Amino acid sequence: MTRISASDHIIILLRQKLERAAALKKGGKSQKSGELAGKDGSNIHRVRALAQMEALGDEDIDRSLVQGLLLEEFGEALVNDPKFQQLVSRIVALLANDDAGKVLLGAARRGLRE
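Residues numbered from 1 in each chain as written. Predicted model: local features only at pLDDT ≥ 70, side-chain atom pairs only at ≥ 80, totals over all residues. Heavy atoms only, no water.

Colleague: When you look at the overall build of the protein chain in this model, what are you seeing that I'm missing?
Modeller: Secondary structure summary: the protein chain contains 5 helices and 0 strands in total. Along its sequence from the N terminus, the protein chain presents helices and strands in the succession α-α-α-α-α. Put simply, the protein chain has 114 residues, and 35% of those count as buried. Taking the contacts inside the protein chain whose residues are at least 6 apart along the sequence as the reference set, 60% of them involve residues at least 24 apart. Total accessible area computed for the protein chain in this model is approximately 7,300 Å², and 55% of it derives from carbon and sulfur atoms. (Helix = DSSP H or I, 4+ residues; strand = E, 2+ residues; numbered from the N terminus. Buried < 20%, exposed > 50% of the residue type's maximum accessible area, 1.4 Å probe, protein only. Contact = heavy atoms within 4.5 Å. Areas by Shrake-Rupley, 256 points an atom, 1.4 Å probe, with all protein chains shown as cover.)

Structure below.
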């Protein structure tokens, strides 16, 4: 049996969220209920707006993307929790230090900037 590391799990989650975001962008329906799909769309719109700001660097966009995906998954109440912010930082660092993670984040940034 193949072991899935923490970074593999994060990449899988990120990939699923990006696929859902792409489906929303193309007018497809989300697999979630209507209420959660609305939240999903608003998170993606917020991150897309941030990505299109030329003042933000790639690392800031990556952080916003990861934070938005985690908030969607675990709830908006965590946004001001310092431990949550540490988790976001660790996940961004994991992805930035992983070849597949770099490719995935780069593809997400390009998609958001379109």
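Structure shown, so let's carry the discussion forward.
Colleague: Would you explain empty space enclosed by the protein in this entry?
Modeller: In this approach, a probe sized like a water molecule rolls over the atoms, and the result shows the empty space that is left. On inspection of all chains with the given rule, the structure shows 1 cavity of 30 Å³ or more. Of the volumes computed, that of the largest cavity is approximately 30 Å³. What lines the largest cavity is simply Asn43, Ile44, Val47, Leu65, Gly68, Leu69 and Glu72. Secondary structure elements with two or more residues in the lining of the largest cavity: α2 (34-51) and α3 (58-74). At 4 residues, α3 tops the list of elements feeding residues into the lining of the largest cavity. Considered class by class, the residues forming the lining of the largest cavity number 4 nonpolar, 2 polar and 1 charged. (1 Å grid on protein atoms, 1.4 Å probe; cavity = no way out; pocket = protein on both sides within 12 Å on 5 of 7 lines; lining within 4 Å. Points joined across faces, edges and corners; volume = space filled by probe spheres on them. Nonpolar A, V, L, I, M, F, W, Y, C, P; charged D, E, K, R; others polar.)

Colleague: How do you make sense of the side chain of Asp62 when you look at a structure like this?
Modeller: Relative to the helices and strands, Asp62 is located in helix α3. Using a relative accessible area of 8% as the deciding quantity, one classes Asp62 as buried. In terms of polar contacts, Asp62 uses its side chain to reach the side chain of Arg109, at 2.6 Å. (Polar contact = N/O pair within 3.5 Å; in protein donor to acceptor, adjacent residues only side chain to side chain.)

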